[in-house]
Amino acid sequence: MSYVNLAALPVGLQLLLPAVACERLLELRLSRRHARWARARGGVEYGRRHFPFMAAAHIGLFLGIPLEVILLHRGFVPALGWPALCVQVLVHGGRWWCVRSLGPRWNTRVIVVPGMPLVDRGPYRWMRHPNYLIVAVEGLSLPLVYGAWVTALSFTAANATVLGVRLRVENSALSLAARNS
């Protein structure tokens, strides 16, 4: 029986992936709490059907990186890895800026609370959906820390497909909520 030996991963990647995964788990926990908050205030969820595909793309990112690094013998190339790691620091800071700016309205679902105005603080002063840009940049840069360019491109394509649906759903839901308030 063959298997992938995770101990063969570079030590830096053995630290980076679990750290990012733990952050994602914290985000999911916070998202559940915020979703309960929104539903308790009459929040309506839109676009449930695309969510499993979004989750699958993100799981694929976290599975693809170690598989590609081990199976295709990718390694840390300083000229690419260090800039990609710096981008990771920036995107995680940016994500938490989005979370803080939206407060309890941030979650991983599209849940709109009727009567609440759009958020126009933090990065939302300049962009309608900054978190999606951050996710796109993260999905490209995280695999590139260790040269996993196939995973970077695969996630980017999958994310773009799901994000196209997600943006239509979210923009429609926000427009509907604005008309009804």
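The rules behind the values
Residues numbered from 1 in each chain as written. Predicted model: local features only at pLDDT ≥ 70, side-chain atom pairs only at ≥ 80, totals over all residues. Heavy atoms only, no water. Phe/Tyr/Trp six-rings, centres within 6.5 Å; stacked < 30°, edge-to-face > 60°. Helix = DSSP H or I, 4+ residues; strand = E, 2+ residues; numbered from the N terminus. Core = buried A, V, L, I, M, F, W, Y, C linked by side-chain atoms within 4.5 Å. Buried < 20%, exposed > 50% of the residue type's maximum accessible area, 1.4 Å probe, protein only. Contact = heavy atoms within 4.5 Å. Axes fitted to C-alpha atoms, helices over the stretch in contact; angles between N-to-C directions. Parallel < 35°, antiparallel > 145°, perpendicular 65-115°, else oblique. Left-handed = near helix turned anticlockwise from the far one by under 90°. Nonpolar A, V, L, I, M, F, W, Y, C, P; charged D, E, K, R; others polar. Salt bridge = Lys/Arg side-chain N within 4 Å of Asp/Glu carboxyl O. Patch = residues over 30% accessible without salt bridge, like charges linked within 9 Å, V, L, I, M, F, W, Y side chains within 5 Å. Areas by Shrake-Rupley, 256 points an atom, 1.4 Å probe, with all protein chains shown as cover.

A. Looking closely at the packing of aromatic side chains. A full pass over the atoms with the stated rule returns three aromatic pairs. With a centroid separation of 5.4 Å and an interplanar angle of 55°, the aromatic rings of Phe 76 and Tyr 146 are classed as tilted. In this pair, Phe 76 is assigned in the loop between α2 (51-71) and α3 (78-102) and Tyr 146 in the loop between α4 (130-144) and α5 (149-180), connecting sequence segments 70 residues apart. Measuring from centroid to centroid gives 6.1 Å for Trp 97 and Trp 126, while their planes differ by 55°, and the two rings are tilted.

B. Just the nonpolar core, in detail. In terms of nonpolar packing, the biggest core is built from 20 residues, with Leu 13, Leu 17, Leu 61, Phe 62, Ile 65, Val 69 and Leu 142 touching the most fellow members. Top element by residues in this core is α2. It accounts for six residues. The residues contacting Leu 13, other than those within four sequence positions of it, are Pro 18, Ile 65, Val 69 and Tyr 146.

C. The arrangement of the packing of α3 against α4 in detail. In contact at an axis separation of 9 Å, α3 and α4 are set at 155° when each is read in the N-to-C sense. If you check the angle between α3 and α4, you find them roughly antiparallel. Considering how the two elements wind past one another, α3 and α4 form a crossing that is left-handed. Listed contacts from α4 to Leu 80, Gly 81, Ala 84, Val 87, Gln 88, Val 91, His 92, Gly 94, Arg 95 and Cys 98 of α3 are Pro 130, Asn 131, Ile 134, Val 135, Val 137, Glu 138, Ser 141, Leu 142 and Leu 144. Looking at the contact of α3 with α4 residue by residue, the class counts come to 11 nonpolar, six polar and two charged.

D. Layout of the pattern of salt bridges. The final tally for this structure, using the stated rule, is eight salt bridges. The residue Glu 27 makes a salt bridge to Arg 95 at a minimum N-O spacing of 2.6 Å. Residue Glu 27 is located in helix α1 (residues 11-40), and its partner Arg 95 is located in helix α3; the two are separated by 68 residues in the primary sequence. On the basis of relative accessibility, which here comes to 2%, the residue Arg 95 falls in the buried class. We note a salt bridge from Arg 109 to Glu 45, for which the minimum N-O separation is 3.3 Å. Of this pair, Arg 109 sits in the loop between α3 and β2 (110-112) while Glu 45 sits in strand β1 (residues 44-46), and the two are 64 residues apart along the sequence. Since its relative accessible area comes to 30%, Arg 109 is described here as partly exposed.

E. Main features of unusual backbone geometry. Positive phi values are uncommon outside glycine, yet His 73 reaches one of about 55°. Counting through the fold element by element, His 73 comes out in the loop between α2 and α3.

F. Structural view of a nonpolar patch on the surface. Among the surface-exposed residues, Ile 59, Leu 63, Leu 67, Leu 71, Leu 72, Leu 140, Trp 149, Val 150 and Leu 153 lie close enough to one another that they form a single nonpolar patch of about 840 Å² accessible area. At the level of elements, α2 and α5 are the ones that each hand at least two residues to the nonpolar patch. Per-element accounting of the nonpolar patch gives the leading share, four residues, to α2. Counting through the fold element by element, Leu 71 comes out in helix α2. For Leu 71, a relative accessible area of 54% puts it in the exposed group.

By themselves, these observations are geometric and do not establish any function.
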